[in-house]
Amino acid sequence: AEYMGGVLERLGMLELEEKILRQVDYYFGDSNFRKDKFLLQESKKDEHGYVALSQICAFNKMKALGAADVETVAKAIENSAVVELSEDRTKVKRRHPLPETDDSEARTIYAKGFPADTTLDKLQEFWAPQGTVLNITMRKNFNRSFKGSVLVEFATQAEADAILQKKADIKFNDQALTIQTKNEWETEKSEYQKNQKKAKAEAKSESKRKSAEDHLKQQQDAREKYLEDLKNREIPVNTVVKVEGLPATATVNSIKDHFKKVHPVAFVDYTKGNTHAFVRYETDCSEILEKAKEEKFQDSSLTLTLLVGEDAKTHWLQTWTEIYDRKQKQNPKGYKKQRR
């Protein structure tokens, strides 16, 4: 029993060492090392390119393996073909310089069709017989769940090409896989993202167009209702006087100042350069009209006509419509401005 217990313990240790070796080889392998900013920075701190094993043991993946002991890690990687230990066995570095060019693209294949609960260990076990696997990248969703697709980097392009040639026969738990080159996958992905972006832009544009049409329809309906309501609005009586014969020097202020001398003026409707204007009084001005006619404006005699009946109604309807349209133009979204 004691002997069997010792054998099982040793087998467990060998399995752990194998996992440690695979993980450390991955950290310092060509694929990961050239992109790992932390390891690159740490290796540059040492004149020989070493990184402290204590730093490696602190990585989350190493902790998850149970490889927190420096000596255990050193023993596991002492015969690695990728890394070598320092003489005191406390540091580790790459055995060979990092290649100047990165040819990993040609050595990497894309495969999808794996169940969402597939683990990295299962993937490594599945791909190991297919060639020397340097790296397996499990693609993840935003919530970190497995998407069911991987990028597998082999040691040589020949190994990757061999996978592509027999891809129709490669199955995972009797499930067929979609396998293609990384370049083909990236091209399709780029095209898909481009189409998605275009579709979203078109949908957004269509939504904006529809929203603009709906808003315009609402404005038109509101204007029609407003004009319909105007027909029932009470028309102020004897408050508007049409002024004719104005000189070119006339201004809104000068006209208002002239006519308010005989009665309070509410508003002057006048466009610079015209010879006529409309003066709207605050109240009934019929009794003071004759007096107003006697007053000269800048040495000019004016013709004053009190608008009554249909003329007054037409004037007020046009004025109210112009005011409404002007407010809509100033505030196109239709929101009521807050009074200060």
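This text gives an overview of the structure that appears in the document. As the structure is a prediction and not an experimental result, all values here were calculated from the model.

1. Some words on the packing of aromatic side chains
Phase 1 of the analysis: For the structure shown, the criterion picks out 13 aromatic pairs.
Phase 2 of the analysis: Taking the centre distance of 4.3 Å and the plane angle of 20° together, the rings of Tyr-226 and Tyr-324 count as stacked. A residue pair is termed long-range when its members are at least 10 positions apart, and Tyr-226 in helix H9 (residues 182–230) and Tyr-324 in helix H12 (residues 309–330) qualify at 98 residues.
Phase 3 of the analysis: Assessed through its relative accessible area of 15%, Tyr-324 is described here as buried.
Phase 4 of the analysis: Connected via pairs of aromatic rings, a cluster forms that spans Phe-114, Phe-126, Trp-127, Phe-154 and Phe-172.

2. A few points about the environment of Lys-171
Phase 1 of the analysis: Its place among the elements puts Lys-171 in strand S7 (residues 171–172).
Phase 2 of the analysis: For Lys-171, a relative accessible area of 46% puts it in the partly exposed group.
Phase 3 of the analysis: Ignoring sequence-local partners within four residues, the contact set of Lys-171 consists of Phe-126 and Ala-176.

3. Description of the layout of surface pockets
Phase 1 of the analysis: Estimated volume of the largest pocket: approximately 840 Å³.
Phase 2 of the analysis: What lines the largest pocket is a set of 25 residues, and nearest its centre among them are Arg-22, Tyr-26, Val-133, Leu-134 and Asn-135.
Phase 3 of the analysis: Taken together, the residues of the lining of the largest pocket break down into 10 nonpolar, 8 polar and 7 charged.

4. A short note on the sheet that holds strand S9 (residues 178–181)
Phase 1 of the analysis: Spatial strand order, S5-S6-S4-S9: 4 strands in an open sheet with antiparallel pairing. Of all strands in the sheet, those bounded by a partner on one side alone are strand S5 (133–140) and S9. Averaged over all pairs of adjacent strands, the angle between their axes in this sheet comes to 20°, without regard to strand direction.
Phase 2 of the analysis: Pairing geometry for S5 and strand S6 (residues 146–154), over 6 bridges, is antiparallel. Across the sheet, Ile-136 pairs through a bridge with Val-152, a residue of S6.

5. Observations regarding the pattern of salt bridges
Phase 1 of the analysis: Here the structure, examined in full by the defined rule, presents 23 salt bridges.
Phase 2 of the analysis: Asp-121 serves as the salt-bridge partner of Lys-19, at 3.9 Å between the closest nitrogen and oxygen. One end of the pair, Lys-19, is in helix H1 (residues 2–28); the other, Asp-121, is in helix H7 (residues 120–127), with 102 residues separating them in the sequence.
Phase 3 of the analysis: What makes Lys-19 partly exposed here is its relative accessible area of 27%.
Phase 4 of the analysis: The residue Asp-30 makes a salt bridge to Arg-94 at a minimum N-O spacing of 2.7 Å. Of this pair, Asp-30 sits in helix H2 (residues 30–33) while Arg-94 is found in strand S3 (residues 91–94), placing the two residues 64 residues apart along the sequence.
Phase 5 of the analysis: Given a relative accessible area of 14%, Arg-94 falls into the buried group.

6. Remarks on the pairing of strand S12 (residues 276–281)
Look at any regular strand and the pattern is simple: side chains alternate between the two faces of the sheet.
Phase 1 of the analysis: Most of S12 is tucked away, with 5 of its 6 residues classed as buried.
Phase 2 of the analysis: Pairing between strand S10 (residues 240–244) and S12: 5 bridges, direction antiparallel. The residue bridging Val-240 from the neighbouring strand is Arg-280, located in S12.
Phase 3 of the analysis: Both strand S11 (residues 265–269) and S12 contribute to a ladder of 4 bridges, which runs antiparallel. Across the sheet, Val-268 pairs through a bridge with Val-279, a residue of S12.

Cut-offs used in this document
Residues numbered from 1 in each chain as written. Predicted model: local features only at pLDDT ≥ 70, side-chain atom pairs only at ≥ 80, totals over all residues. Heavy atoms only, no water. Phe/Tyr/Trp six-rings, centres within 6.5 Å; stacked < 30°, edge-to-face > 60°. Helix = DSSP H or I, 4+ residues; strand = E, 2+ residues; numbered from the N terminus. Buried < 20%, exposed > 50% of the residue type's maximum accessible area, 1.4 Å probe, protein only. Contact = heavy atoms within 4.5 Å. 1 Å grid on protein atoms, 1.4 Å probe; cavity = no way out; pocket = protein on both sides within 12 Å on 5 of 7 lines; lining within 4 Å. Points joined across faces, edges and corners; volume = space filled by probe spheres on them. Nonpolar A, V, L, I, M, F, W, Y, C, P; charged D, E, K, R; others polar. Pairing = 2+ DSSP bridges. Axes fitted to C-alpha atoms, helices over the stretch in contact; angles between N-to-C directions. Salt bridge = Lys/Arg side-chain N within 4 Å of Asp/Glu carboxyl O.

Shape descriptors only; they carry no functional weight alone.
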